[in-house]
Amino acid sequence: MKEFMLIFRNSNPAADTPSPEQMQERMNWLAGIAAQNKLVDKGNRLSMGNAKTVQPDNIVTDGPFTEIKEFIRGYIVVKTATIDEAVALAKENPVLKMGGSVKVRAILTPGESN
Amino acid sequence: MQPKETEHTGLLPHLFRLEYSKMTAVLCRLFGLHCIEIAEDIVSETFLKATEAWAEHGIPENPTAWLYTVAKNKTKDQLKRHNLFETKIRATIPVTIGDNELQIEQEFDFTRQIIADSQLAMIFAVCHPVNATESQICLALQVLCGFSVEEIANAFLAKTETIKKRLLRARANLRTDEFKHTLTLPVDTSPARLDAVLRVLYLLFNEGYFSKTDDHLIRKELCSEAIRLTLVLTGNSRTNTTQTNALLALMCFQSSRLDARSNEAGEAILFEEQDKTLWSKELIEKGNYYLVNACSGNDITKYHLEAGIAYWHTTPTDTNKWEHILQLYNQLIVLEYSPMTALNRAFAIAKVNGNKEGIREVKKLNLGELNYYHALLGYLYAEIDMDKARAHYNKAIQLTASTKEKNTLQKAKERLEK
């Protein structure tokens, strides 16, 4: 089994205030992964408003706005045999219905090379 | 003589169950846990004496008080005989007890408070991670619940020898230095230790509720003992946490259906076919009470979620109940994976979104080695595809060891044909 981080991105402001139905849909999806014993870390949602970017030369700006077109909304960590399996889990994520995207990245173990 | 004898033979086993562990706990606190055998000997001798004396003279007016007086005198004899007081007690318990008998008497009086404190200390000592979980459960049954080795073996469907060895090892572990002062107060009730205790009580309850044994009486007794011990925890302000209350609520809700969920032959009766008039209203109300207590903080533990699910199962008429149950299963499976939770969640999905959706979910779970996996698919396919339903029931029967469970599945399969 290999661990993958799924990173959710969405710049649609509607994603800030999900409806109860949307929350439930997301929970169903997350629990579906857990039910297959593939969930390592349920992760967290990340705040859009309470965010700063720290750059060299003591420059601190509000928000993550300048770097990324699509805000990172949250992440989870799953364990699957292959990256394709992790992608299959990601494909069912409801964030995709709201114009978002999911990045799937293998987590490197210590000493493991790219 | 004869009538008296039958009278007291009914009462004694009951009192034994009830008082054995309390007396042992109090005496262990006095002697130290390393002298648990001495404590148990005194308690056993007390009950032996009761058997003889009550057969001859009839049952005393207050049998419990009689037992405690005898135990107390035997303890005093013991202390004198082996000079245990000087060598053990004084050395291990750094409290100032004078040499005169009056003060000794005060120290080990069986007052309600001392019994409650000693029991709590004993529960924490027995449910200590120094022993493997299954050993902790055996030890709890023996030391805290007064079960005999045979009864424990029966409950676990294990060989008496196996249980005996397991208990000996577990007891040896409790005699090490680490436990020299365990039974002196205050008990270490840190969250990690309380978690460990609650886990053992939870498993003890489940051992009864989902027992391997077909013996209905033993199952009931395991459940009620688990409840009794959890009640001891709610009796102390430091262990009366929302988590403890959640566990107790869960136990009450589950127990409320104990009489309805199996028939006289010991075969399981499906939830939907249970005679709801057999559900215990009293236990459901107690469950509600403890659930309210459990929800007085922000904690959500797996006991909260399981109690929540069990609560909804006590409300057969609520139309949205399966949606609530599914949400709780979602949270539960994210909190802690278990194959049974995954299957139960899939069942809830079938209830909310239909059997086809349920089947799709079950098939994702990769649990083909489990009989419950196939039993669930058999159930879900019943109205969709008879051949598949039959095949899955056959596979489930093949994977099941218990005869009673095999019969239950066989009946479910036969119902398909009707």
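Residues numbered from 1 in each chain as written. Chains lettered and ligands numbered in written order. Predicted model: local features only at pLDDT ≥ 70, side-chain atom pairs only at ≥ 80, totals over all residues. Heavy atoms only, no water.

**Student:** Can you break down the environment of glutamate 112 of chain A residue by residue, with the values?
**Tutor:** All names here are of chain A. Here glutamate 112 is to be found in the segment after strand E6 (101-106). Among the residues examined, glutamate 112 registers a relative accessible area of 32% and is labelled partly exposed. Residues glutamate 112 and arginine 26 lie 86 residues apart in sequence; the distance between their C-alpha atoms is 32 Å. One polar contact links glutamate 112 to lysine 2, side chain to side chain, over a distance of 3.2 Å. (Helix = DSSP H or I, 4+ residues; strand = E, 2+ residues; numbered from the N terminus. Buried < 20%, exposed > 50% of the residue type's maximum accessible area, 1.4 Å probe, protein only. Polar contact = N/O pair within 3.5 Å; in protein donor to acceptor, adjacent residues only side chain to side chain.)

**Student:** Describe the sheet that holds strand E5 (residues 72-80) of chain A, with residues and values.
**Tutor:** Residue and element names in this part refer to chain A. Taken together, four strands build an open sheet; the order of strands is E2-E5-E1-E6 and the sheet is antiparallel. Of all the strands in the sheet, just strand E2 (39-45) and E6 have a single pairing partner and so form its edges. Across the sheet, the axes of successive neighbouring strands diverge by a mean angle of 15°, strand direction being ignored. Where strand E1 (residues 2-9) meets E6, six bridges bridge the pair, whose relative direction is antiparallel. The partner of methionine 5 across the bridge, within E6, is arginine 105. Against the sheet, helix H1 (residues 20-35) touches E1, E2 and E5, its axis set at about 25° to E5. (Pairing = 2+ DSSP bridges. Axes fitted to C-alpha atoms, helices over the stretch in contact; angles between N-to-C directions. Contact = heavy atoms within 4.5 Å.)

**Student:** Can you explain the confidence of the model for chain A? Please cite residues and give values.
**Tutor:** Considering every residue of chain A, the mean pLDDT works out to 87; 94% of them sit at 70 or more. Ranking the helices and strands of chain A by mean pLDDT puts helix H2 (residues 83-91) of chain A first, with 96, and strand E4 (residues 59-62) of chain A last, with 84. (pLDDT = per-residue confidence, 0-100.)

**Student:** Help me get a handle on the domain arrangement of chain B, residues and values and all.
**Tutor:** Residue and element names in this part refer to chain B. In terms of domain boundaries, chain B breaks down into domain 1 (1-109), domain 2 (111-240), domain 3 (242-310) and domain 4 (318-415). Its C-alpha centre places domain 2 at a distance of 21 Å from the equivalent point of domain 3. Each partner contributes to the interface: domain 2 provides 21 residues, whereas domain 3 provides 19 residues. At the boundary of domain 2 and domain 3, one finds one salt bridge. (Domains from an automatic or database assignment. Salt bridge = Lys/Arg side-chain N within 4 Å of Asp/Glu carboxyl O.)

**Student:** With reference to specific residues and values, describe the confidence of the model for chain B.
**Tutor:** All names here are of chain B. In this model, chain B carries an average pLDDT of 85, and 89% of its residues clear a pLDDT of 70 or more. Considering only residues more than four positions removed or in separate chains, one finds that residues 1-6, a stretch of pLDDT under 50, has six contacts. Taken together, the stretch residues 93-106 has pLDDT below 50 and engages in 22 contacts with residues farther than four places along the chain or on a different chain. In the model output, the complex is listed with pTM 0.83 alongside ipTM 0.82.

**Student:** Describe helix H10 (residues 191-209) of chain B, listing the residues and the values that go with them.
**Tutor:** The end-to-end C-alpha distance of H10 of chain B, which contains 19 residues, comes to 26 Å, matching closely the 27 Å that a straight helix rising 1.5 Å per residue would cover. The buried count for H10 of chain B comes to 14 of 19 residues, which makes it a mostly enclosed element. (Expected span 1.5 Å × (residues − 1).)

**Student:** Could you give an account of the pattern of salt bridges, naming the residues involved and the relevant values?
**Tutor:** Residues and elements named next belong to chain B. If you walk through the whole model with that rule in mind, you get 19 salt bridges over all chains. As a salt-bridge pair, lysine 22 and glutamate 19 come within 4.0 Å of each other at their nearest N and O atoms. Residue lysine 22 and its partner glutamate 19 are both found in helix H1 (residues 2-31); the two are separated by three residues, about one turn of the helix. In this structure, lysine 164 engages glutamate 161 in a salt bridge whose closest nitrogen and oxygen atoms are separated by 3.8 Å. Placement of the pair is lysine 164 and glutamate 161 together in helix H9 (residues 160-174), with a separation of three residues, close to one helical turn. Residue classification places lysine 164 among the partly exposed residues on the basis of a relative accessible area of 39%.

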